[in-house]
Amino acid sequence: MKVVQDLKVSKKKFLNDGNFILECVSEDGLPLIKPGQFAEVQIPNNAVFLRRPLSIHDVDMKKQSVQFLTKIVGAGTLELSKINEGDSINVVFPLGNGFDLPTQGKVLLVGGGCGAAPLLYLARQLNEQNVSVVTLLGAKGAQDLFEQEIFARFGEVLISTDDGSAGEKGFITKHSIWENIKDIDMVYCCGPEIMMKVVASLAKSKGIPCFVSLENTMACGIGACLCCVTETTRGNECVCTSGPVFNINDLAWQI
Ligand code: FES
């Protein structure tokens, strides 16, 4: 059930020039959060009018803390990056459907750039359910890769970078794992849409179920403004309420 809470920022960590993590503690008690769900966050100092959607990166129920990983893309996220530890932010969460978790087998998580944001909590929960996890992370260069060592706690981590500064050189969709994914039961993917379409096509060609988390522009986060619609086999649907996670078979993608 979604709630509105003031969360206290317990930690702010810059991953590089453009990406940062906010760890925030709930004093009212965290609601139940599924991997892949998101929050609408009020930007401090009324710097922008609309809330900003942020991926839930990780959850620690013992500490009652939630992490948001985000990229500075405009005035709102820039202002958010200036927040100090000890400050509070007002959030509406958890929103969206989130990922459905299998209870057995082996899954491949594919994260392009900061598309890896919702996959860490997913990897953690899959690992807790004894599902075997392989995480493939891709980025322009080594400086754009995030938290490989934390993903590695939950399974094998594979890397590709466009410039070859870490892992295999080339696009994430050209990584050698795609040549042999027969033992993979499910693919979960988040990143730029063009990348997700290629991943969807690769999974489909091998007959492996694939779920993607869309990152359409969002404003309200609750299905009211219609700015996030995507075309599905059922007609146009709001990504914020029907998604952000979709089975690729339900999307009107030419793959
Ligand atoms: Fe407003 Fe989805 S963000 S309808």
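Scroll up for the structure.
Below: a short report on this structure. (Residues numbered from 1 in each chain as written. Predicted model: local features only at pLDDT ≥ 70, side-chain atom pairs only at ≥ 80, totals over all residues. Heavy atoms only, no water.)

On to the side chain of Asn16, then. Considering the arrangement of structural elements, one finds Asn16 in the loop between β1 (3-14) and β2 (19-26). In this structure the side chain of Asn16 is engaged in a polar contact, spanning 3.0 Å, whose partner is the backbone nitrogen of Asn19. Among the polar contacts listed, one links the side chain of Asn16 to the backbone oxygen of Gln143, at a separation of 3.1 Å. Other than its neighbours up to four places away in sequence, Asn16 contacts Gln143, Asp144 and Phe146. (Helix = DSSP H or I, 4+ residues; strand = E, 2+ residues; numbered from the N terminus. Polar contact = N/O pair within 3.5 Å; in protein donor to acceptor, adjacent residues only side chain to side chain. Contact = heavy atoms within 4.5 Å.)

For the rest of this paragraph, the subject is helix α2 (residues 119-128). Within α2, burial applies to Leu119, Leu120, Tyr121, Leu122, Ala123 and Leu126. At its buried positions, α2 is contacted by β4 (52-60), β7 (106-112), β8 (132-139), α3 (148-151) and β11 (186-190). Of the residues trailing α2, Asn130 is marked for its positive phi of about 65°. (Buried < 20%, exposed > 50% of the residue type's maximum accessible area, 1.4 Å probe, protein only.)

Quick look at the pattern of salt bridges now. When charged atoms on two side chains of opposite charge get close, those side chains can pair. Counted under the stated rule, the structure contains nine salt bridges. A salt bridge links Asp58 to Arg124; the shortest N-O distance between them is 2.8 Å. On the criterion of sequence distance, the pair formed by Asp58 in strand β4 and Arg124 in helix α2 is long-range, its members being 66 residues apart. Overall, the relative accessible area of 7% leaves Asp58 in the buried class. With a shortest N-O distance of 2.7 Å, Arg234 and Glu237 are connected by a salt bridge. By sharing partners, the salt bridges in this structure join Arg234, Glu237 and Asp250 into a single network. (Salt bridge = Lys/Arg side-chain N within 4 Å of Asp/Glu carboxyl O.)

Right, let's talk about the sheet that holds strand β15 (residues 245-247) for a bit. Across the sheet, which stays open at both edges, the seven strands sit in the order β10-β9-β8-β7-β11-β12-β15 with mixed pairing between neighbours. Lying at the two open borders of the sheet, with one neighbouring strand each, are β10 (168-169) and β15. As judged from the three bridges shared by strand β12 (residues 210-213) and β15, these two strands associate in the antiparallel manner. Opposite Phe211, over in β15, you have Asn247 as the bridge partner. Seen against the sheet, α2 touches β7, β8 and β11 and runs at an angle of roughly 170° to β7. Sitting on the sheet, helix α4 (residues 193-205) touches β7, β11 and β12, and the angle it makes with β11 is about 175°. (Pairing = 2+ DSSP bridges. Axes fitted to C-alpha atoms, helices over the stretch in contact; angles between N-to-C directions.)

This part takes up the environment of Asn16. Taking the relative accessible area as the measure of exposure, Asn16 reaches 17% and is therefore buried. Placed 130 residues apart in sequence, Asn16 and Phe146 show a C-alpha to C-alpha distance of 9.0 Å. At 3.0 Å, the side chain of Asn16 and the backbone nitrogen of Gly18 are in polar contact.

Below, the discussion takes up the packing of aromatic side chains. Each pair of aromatic rings is reported with the distance of its centres and the angle of its planes. Within the structure shown, the criterion is met by three aromatic pairs. Taking 5.3 Å as the distance between ring centres and 90° as the angle between the ring planes, the aromatic pair formed by Phe99 and Tyr188 counts as edge-to-face. Taken as a pair, Phe99 in the loop between β6 (88-95) and β7 and Tyr188 in strand β11 lie far apart in primary sequence, 89 residues in all. The residues Phe99 and Tyr188 share a single accessibility class, namely buried. Taking the relative accessible area as the measure of exposure, Tyr188 reaches 1% and is therefore buried. Put simply, the rings of Phe99, Tyr188 and Phe211 pair up and form one aromatic cluster. (Phe/Tyr/Trp six-rings, centres within 6.5 Å; stacked < 30°, edge-to-face > 60°.)

No statement about biological role is implied by the geometric values presented.
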